[in-house]
Amino acid sequence: MNVDRQYMSIEQIRDKMRPSSSMSKAVGSEQKTETFDDILFSKHATKRLETRNIDITKEQRARLQDAASQARQKGMKESLVMVDDLAFIVNVKNNTVITAVNDTNHAVFTNIDGAIIN
């Protein structure tokens with residue numbers, strides 16, 4: 001059986017998630033670029049984003065990153081993070097989104113030790 005699977009590497013995911021230069025903003029006299037390299041998306045989560053047509057805005061990514069930081073501060077390991085109508089399961093230690101869900105009606109989330117609604 002010849003199965004041709006195309007998975008994205010971490011570098012490809014980072015490039016996809018990295019904001020363009022238009023997302024740079026001046027802070028004082030220096031240029032500051034907002035990046036979201038701190039939060040990674042697993043292959044599974046990347047596939048879910050694509051198959052479920054989930055587009056995450058710059059602001060939602062920032063809130064997701066902030067929630068992951070909050071989860072880390074509280075000692076969580078696997079966290080449910082709600083951003084608007086999107087749900088993410090985040091492996092806090094690895095700062096990695098495990099999966100993403102955009103239809104949370106009657107959803108069941110297991111193996112989490114905390115939730116952040118952001």
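Overview of the structure. (Residues numbered from 1 in each chain as written. Predicted model: local features only at pLDDT ≥ 70, side-chain atom pairs only at ≥ 80, totals over all residues. Heavy atoms only, no water.)

Observations concerning the pairing of strand β5 (residues 86–91)
Under the convention used in this document: We call a residue buried when its accessible area falls under 20% of the maximum for its residue type, exposed when it is over 50%, and partly exposed in between, using a 1.4 Å probe and counting protein chains only. Helix and strand assignments come from DSSP, with helices taken as H or I runs of at least 4 residues and strands as E runs of at least 2, each series counted from the N terminus. Note on pairing: two strands pair once DSSP finds at least 2 bridges between them.
The buried count for β5 comes to 6 of 6 residues, which makes it a mostly enclosed element. Neither face of β5 is open: one carries Leu 86, Phe 88 and Val 90, the other Ala 87, Ile 89 and Asn 91, and all of them are buried. In the sheet, strand β4 (residues 78–83) pairs with β5 via 6 bridges, with the strands oriented antiparallel. For Leu 80, the partnering residue across the bridge sits in β5 and is Ile 89. Joining the antiparallel neighbours β4 and β5 is a turn of 2 residues, in which Asp 84 adopts a positive phi near 55 degrees.

What about the environment of Val 90?
Spelled out, the test is: We call two residues in contact whenever any of their non-hydrogen atoms come within 4.5 Å of each other.
On the secondary structure map, Val 90 appears in strand β5. The residues contacting Val 90, other than those within four sequence positions of it, are Ile 39, Leu 64, Ala 68, Lys 77, Glu 78, Ser 79, Val 81, Thr 96 and Val 97.

Focus on the pattern of salt bridges
To keep things clear, this is the line we draw: The salt bridge criterion pairs a side-chain nitrogen of Lys or Arg with a carboxyl oxygen of Asp or Glu, the two atoms within 4 Å.
Counting across every chain of the model gives 2 salt bridges. Close ionic contact of Arg 63 with Glu 59 constitutes a salt bridge, the shortest N to O distance being 3.1 Å. Residue Arg 63 and its partner Glu 59 are both found in helix α3 (residues 58–73); the two are separated by 4 residues, about one turn of the helix. Arg 63 gets classed as buried once you look at its relative accessible area, which sits at 17%. A relative accessible area of 43% means that Glu 59 is categorised as partly exposed. Overlapping salt bridges, with partners in common, bring together Glu 59, Arg 63 and Asp 84 in one network.

Describing the sheet that holds strand β7 (residues 114–117)
How we decide: Axes, fitted as lines to C-alpha atoms, cover a helix only where it is in contact. Angles between the N-to-C directions of the axes lie from 0 to 180 degrees.
Read across the sheet, 5 strands follow the order β3-β6-β5-β4-β7 without closing on themselves; strand pairing throughout is mixed. Looking along the sheet, the strands with just one partner apiece sit at the ends: β3 (40–41) and β7. Along the sheet, helix α2 (residues 43–51) contacts β3 and β6 (96–101); its crossing angle with β6, the most-contacted strand, is approximately 30 degrees. Together, β3, β4, β5, β6 and β7 form the strand contacts of α3, whose direction differs from that of β4 by roughly 145 degrees.

What to know about α2
Short version of the rule: The directions considered for the arc run from the helix axis to the C-beta atoms.
For α2, the set of buried residues is Ala 45, Thr 46 and Leu 49. Projected onto a plane normal to the axis of α2, the buried residues spread over an arc of 100 degrees and lie on a single side. Phi turns positive one or two residues past the end of α2, at Asn 53, with a value near 50 degrees.

Observations regarding unusual backbone geometry
Here Asn 53, not a glycine, exhibits a phi torsion of approximately 50 degrees, which is positive. Assignment of secondary structure puts Asn 53 in the loop between α2 and α3. With phi around 55 degrees, Asn 95 is a residue other than glycine that occupies positive phi space.

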